[in-house]
Amino acid sequence: MVDLNEKKARDQWGSRFGFIMAAAGSAIGLGNLWKFPYMAGKNGGGAFVFVYFIILLLVGFTLMLAEIAIGRHTQLSAVGAYKKLSEKWSWLGAMGVLAGFLILSFYSVVGGWVINYIIKSVTGVFSTADVDVLGGLFTGLITNPVEPLIYHAIFMIITLAIVIGGISGGIEKASKILMPALFIMMFIVMLRALTLEGAMEGVKFLLAPDFSKINGEVILAALGQVFFSLSLGMGCMITYGSYLSKDEDIVQSAMIIPLLDTAIALLAGLTILPAVFAFGFNPGEGPGLLFVTLPAVFSKMPLGSLFAFIFFVLVLFAALTSAISLLEVTVSYMVDEFRWERKKATFTMAAIIFLVGATASLGLGVWSNIKIVGGRDIFDSLDFTASNILLPLGGMLMCIFIGWVWGLENAIKEASNQGKLAFKLAPFWGFLVKWVAPVAIGIVFLNSTGLLDIIKGLF
Ligand code: PFF
């Protein structure tokens, strides 16, 4: 059983299934259920999903194995791991910590909305499929200056309590039941959404790519989404990998986790977008999509309120298993690097993250006139900076680190358990790590900043 809180005793995962469920628990969260459908809706549907898949294949699987291999090799969490392999690179771990910090701040705000929706489902608010009513309900919540802050605080407190109390036993055990439960529940709700009249339009929107919609912005959004959804680029999987025993087949695990994550994202997309079309919502609506369309689907189901309740509880659980991995990354950094006491680190970080998150929440309402990164409100600025810049940048630098500093040979030795396992794709993986992934991420960056055009203009 693992205790991510106890750095000194190097515990290990109870079983390989336990590790996969816990890592999938970090990967599967609001990124799949809330963000993927609305990002797809905003960025051209099928065009976004198409680019997402290409990046997943070239970069997602590659980096998942890379992070787990570094973690298992060093048996340390991110900062310590880089330090051990090369003192000069420890700042890369620190950059990941910053990304985790920023992500959790707005993640917890959304987690708070989920808690509010659990309560709404119990009080029978979702008995209508009226777009305006449901839209108004959501907007009313997120623009309120006080209410969402209370729920944001509750979400943060639950996350803090789990991280302080130790995530061993409970979470690993709960993940094993609740993750499969989420899967089944998603499947049932998807069937209902797909059988709504007009739903097929949504399926087409999501799965049939209109290639003319692909542009720099869509590609950057898909890149950020792959990193966000798989918990990559900030050393989270390094930490989880550090608790794996030396004889686990990490190559196989690194394939299963992205597959599970993608399956859930697709289930969510195939539920929410068909409902969007069936009820005449706007697919480009943004962050409200999950909270506005799903209640409409539930209102069309027998025992709809019960379904809504169970569904939002499972969403909350998925969000919490991701949030604890985010908080853990920042806390273990303070403990390892600054020798803070664990309790002090957890309370302090949670408090600061709460405050930053509060500004994000207010940025959707009373402070909506404040625009920072590229004209975005505070909430979107945090998301954009962390997901679309820091995570991919962290991933690119990690590839460079493995390919050119630590060395492919060492990485492949670790991945294949010192040659004991047949890792047939090793040369291909090495090529992806050393060349394809960093170059691809670099090009997306250059392209989205407009630098690529300038370079092209020179020739
Ligand atoms: N992967 C999580 C999600 O999809 O909700 C979010 C996340 C967790 C991102 C942990 C990064 C991370 F390290």
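These figures come from a predicted structure and were not determined experimentally. (Residues numbered from 1 in each chain as written. Predicted model: local features only at pLDDT ≥ 70, side-chain atom pairs only at ≥ 80, totals over all residues. Heavy atoms only, no water.)

1. Considering the pattern of salt bridges
Put simply, the test is: For salt bridges, the criterion is a side-chain nitrogen of Lys or Arg within 4 Å of an Asp or Glu carboxyl oxygen. Here a helix means four or more residues in a row that DSSP labels H or I, a strand means two or more in a row labelled E, and each is numbered from the N terminus.
Counted under the stated rule, the structure contains seven salt bridges. Among the salt bridges present, the one from glutamate 337 reaches lysine 83, with a minimum N-O distance of 2.9 Å. In this pair, glutamate 337 sits in helix H14 (residues 304–338) while lysine 83 sits in helix H4 (residues 78–85), placing the two residues 254 residues apart along the sequence. Salt bridges sharing common partners tie together Arg72, Lys246 and Glu414.

2. With respect to the site of the ligand
So the rule is basically this: One heavy atom suffices: a residue is near a molecule or strand as soon as one of its heavy atoms comes within 4 Å of it. Here a polar contact is recorded for every N or O atom pair within 3.5 Å, except that within protein the pair must consist of a potential hydrogen donor and a potential acceptor, and residues adjacent in sequence are included only if both atoms are side-chain atoms. Computed by Shrake-Rupley with a 1.4 Å probe, the accessible areas treat only the displayed protein chains as cover when residues are assessed.
Close contacts around the ligand come from 15 residues, with Ala27, Gly31, Tyr107, Phe228 and Ser231 the closest. The contact in question runs from an oxygen atom of the ligand to an N or O atom on the side chain of asparagine 32, over 3.3 Å. For the ligand, a nitrogen atom lies 2.7 Å from a polar atom in the backbone of phenylalanine 228. Protein chains shield 100% of the accessible area of the ligand, which is 340 Å² for the free molecule. Those elements that place two or more of their residues in the shell around the ligand are helix H1 (16–27), helix H2 (30–42), helix H10 (216–230) and H14.

3. Observations concerning the side chain of asparagine 43
This is how it is decided: Accessibility here uses a 1.4 Å probe with only protein chains present; expressed as a share of the type maximum, an area under 20% marks a residue as buried, one over 50% as exposed, and anything in between as partly exposed. Working rule for contacts: check all heavy atoms of both residues, and any pair within 4.5 Å makes them a contact.
Mapped onto the fold, asparagine 43 is located in the loop between H2 and helix H3 (46–74). Residue classification places asparagine 43 among the buried residues on the basis of a relative accessible area of 11%. Discounting chain neighbours no more than four positions away, the residues touching asparagine 43 are Phe48, Val218 and Ala221.

4. Here's the deal with the nonpolar core
Cut-off, in case you're wondering: Only buried residues count toward a nonpolar core. Its members are Ala, Val, Leu, Ile, Met, Phe, Trp, Tyr and Cys residues joined through side-chain atoms within 4.5 Å.
Among the nonpolar cores identified, the biggest contains 168 residues, and Trp34, Phe48, Trp113, Phe291, Phe311 and Ile402 are the most heavily contacted of them. Examining the composition of this core, we find that 20 residues originate from one element, H14, more than from any other.

5. What about the environment of isoleucine 324?
Position of isoleucine 324 relative to the elements: it lies in helix H14. Judged by its relative accessible area of 2%, isoleucine 324 is buried. Note: C-alpha distance between isoleucine 324 and lysine 83 (241 residues apart in sequence) is 24 Å.

6. Overview of the state of the cysteines
Such a bond, covalent and formed between the sulfur atoms of two cysteines, is termed a disulfide. We apply this condition: When two cysteine sulfur atoms lie within 2.5 Å, the pair is treated as a disulfide.
Throughout the structure, instances matching the rule amount to zero disulfides. For cysteine 236, which is in no disulfide, the shortest distance to another cysteine sulfur is to cysteine 399 and amounts to 17 Å. According to the relative accessible area criterion, cysteine 236 is buried, its value standing at 3%.

7. Side note on a nonpolar patch on the surface
Defined as follows: A residue counts toward a patch only above 30% relative accessible area and without a salt bridge, and it is joined to like-charged neighbours within 9 Å or, for Val, Leu, Ile, Met, Phe, Trp and Tyr, to nonpolar neighbours within 5 Å.
A contiguous nonpolar patch, built from Val122, Leu303, Leu306, Phe309, Ile310 and Val313 and spanning about 520 Å² of accessible area, is present on the exposed surface. The element best represented in the nonpolar patch is H14, accounting for four residues. Relative to the elements of secondary structure, isoleucine 310 occurs in helix H14. A relative accessible area of 35% means that isoleucine 310 is categorised as partly exposed.

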